[in-house]
Amino acid sequence: MPLYDPRSDKPYKLSRSRIENFSKCKRCFYLEEKLGVKKPDSFPFNLNNAVDQLLKDEFDSYRGTENNHPYLIESSIDAKPYDHPDIEIWRTRNQGIGIELKELNLYIYGLVDDVWINTKNDKLIIADYKATSKKGDVTIDAPWQISYKRQIEIYQWLFRQNGFDVDDMSYFVYCNGIKDSKVFDNCLNFEVKILPYKANDSWVTPALKEIKNCLNSDELPEESDRCDYCAYNRKIKLFG
Ligand code: SF4
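Residues numbered from 1 in each chain as written. Predicted model: local features only at pLDDT ≥ 70, side-chain atom pairs only at ≥ 80, totals over all residues. Heavy atoms only, no water.

This part takes up helix 6 (residues 146–161). Over its 16 residues, helix 6 runs 22 Å from end to end, which matches the ideal 22 Å to within 8%, given 1.5 Å per residue. Burial of helix 6 is extensive: 13 of the 16 residues sit out of reach of the surface. (Helix = DSSP H or I, 4+ residues; strand = E, 2+ residues; numbered from the N terminus. Expected span 1.5 Å × (residues − 1). Buried < 20%, exposed > 50% of the residue type's maximum accessible area, 1.4 Å probe, protein only.)

Okay, a nonpolar patch on the surface next. A surface patch of nonpolar side chains, about 260 Å² in accessible area, is lined by L35, V37 and L220. For L35, the location among the structural elements is in the loop between helix 2 (26–33) and helix 3 (46–60). On the basis of relative accessible area, L35 is assigned to the partly exposed category, the value being 48%. (Patch = residues over 30% accessible without salt bridge, like charges linked within 9 Å, V, L, I, M, F, W, Y side chains within 5 Å. Areas by Shrake-Rupley, 256 points an atom, 1.4 Å probe, with all protein chains shown as cover. Salt bridge = Lys/Arg side-chain N within 4 Å of Asp/Glu carboxyl O.)

Judged by nonpolar contacts, the single largest core of 41 residues is most densely connected at W90, I108, V115, W157, F159, L208 and I211. Sort the elements by how many residues they give to this core and helix 6 lands first, with 7 residues. Counting residues in hydrophobic clusters, the runner-up holds 15 residues, among them F59, L72, W116 and V173. (Core = buried A, V, L, I, M, F, W, Y, C linked by side-chain atoms within 4.5 Å.)

Time to look at the sheet that holds strand 4 (residues 106–110). One open sheet holds the 3 strands; their spatial order is 1-4-3, and the pairing between them is mixed. Whereas interior strands pair on both sides, the edge strands pair on one side only; in this sheet they are strand 1 (12–15) and strand 3 (97–101). Pairs of neighbouring strands in the sheet enclose a mean axial angle of 20 degrees, with direction left out of account. Across the sheet, helix 1 (residues 16–24) lies against strand 1 and strand 4, angled at about 80 degrees from strand 1, the strand it touches most. This element, helix 7 (residues 204–216), spans strand 1, strand 3 and strand 4 of the sheet and lies at about 125 degrees to strand 4. (Pairing = 2+ DSSP bridges. Axes fitted to C-alpha atoms, helices over the stretch in contact; angles between N-to-C directions. Contact = heavy atoms within 4.5 Å.)

Now for unusual backbone geometry. Of note in this structure, S76 is not a glycine but carries a positive phi near 50 degrees. If you check the backbone angles, D185 has positive phi at about 50 degrees while not being a glycine.

This next bit is on the sheet that holds strand 5 (residues 114–118). Here we have 5 strands laid out as an open sheet, ordered 2-5-6-7-8, and mixed in their pairing. Of all strands in the sheet, those bounded by a partner on one side alone are strand 2 (79–81) and strand 8 (190–198). If you compare each strand with its neighbour and ignore which way they point, the axes differ by 30 degrees on average. Contacts from helix 3 reach strand 2, strand 5, strand 6 (124–132), strand 7 (169–177) and strand 8 within the one sheet, and its direction differs from that of strand 6 by about 140 degrees. Sitting on the sheet, helix 6 touches strand 5, strand 6, strand 7 and strand 8, and the angle it makes with strand 6 is about 150 degrees.

To continue, consider the site of the ligand. Residues in close proximity to the ligand include C25, R27, C28, K39, E223, S224, C227, Y229 and C230, which together make up its full environment. Taken together, the residues of the shell around the ligand break down into 5 nonpolar, 1 polar and 3 charged. (Near = heavy atom within 4 Å. Nonpolar A, V, L, I, M, F, W, Y, C, P; charged D, E, K, R; others polar.)

On to the packing of aromatic side chains, then. The tally for this structure, following the rule as stated, stands at 15 aromatic pairs. For the ring pair F59 and Y129, a centre distance of 5.8 Å and an interplane angle of 20 degrees mean the geometry is stacked. Separated by 70 residues along the polypeptide, F59 in helix 3 and Y129 in strand 6 bring together distant segments of the chain. Like F59, the residue Y129 is buried in the burial classification. Pairwise contacts between aromatic rings join F59, Y71, W116, Y129 and Y171 into one cluster. The side chain of K26 reaches across the aromatic face of F22, ending 4.9 Å from its centre. The ring of Y148 carries K130 above its face, with NZ or CZ at 4.1 Å from the centroid. (Phe/Tyr/Trp six-rings, centres within 6.5 Å; stacked < 30°, edge-to-face > 60°. Lys NZ or Arg CZ within 6 Å of the ring centre and 35° of its normal.)

Structural data, given as structure tokens:
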């Protein structure tokens, strides 16, 4: 991955997840994008990816048909899977939906899980699939889930930048693996909830300007006081 070079004419590519890195900690973002020091990769979430793929295939089987997905019917959501020739591109690695910002010389892109269309007002609805396994009901209220909300908001912003009329209301299709079944029998059952989220993408454009200033600066930004890694490193240094 090429590092940011302020003298380059080519727009610098930034994915949705790297914008999320900036939102979490400017210092780690700068270290990765400008100095090439990347945090070790986390383990891949293979089970989550499997759930994502199964949901995509299932929603696809209703796309462009008269019928609708039972989750949408049961939840009384006035929406259908959006039938558009680019739907696969919007979800494909190294493609996605993107926009070049000439004034910032950046290219911003992201990969969506799904796009639905509001059957009442014809606006597009961004949908994101999540999978977990926890006791009790799933919610999107935990402080760390701000990442999920920013994720949806960047997708909304990207679709708006590409000229689509986008509904503020978005949805998480949240699958919760049930752990207390009596037997496993090669089968993990899920309870599925569709959680609405009224998003607000107004922070995205100012954040991109901030990102550009950060990338053009010669100073290493401050570390985040909410991250455990640097606190851990500081403590280690106390011992020499
Ligand atoms: S606080 Fe330190 S380790 Fe944590 S994200 Fe920031 S620079 Fe990286």
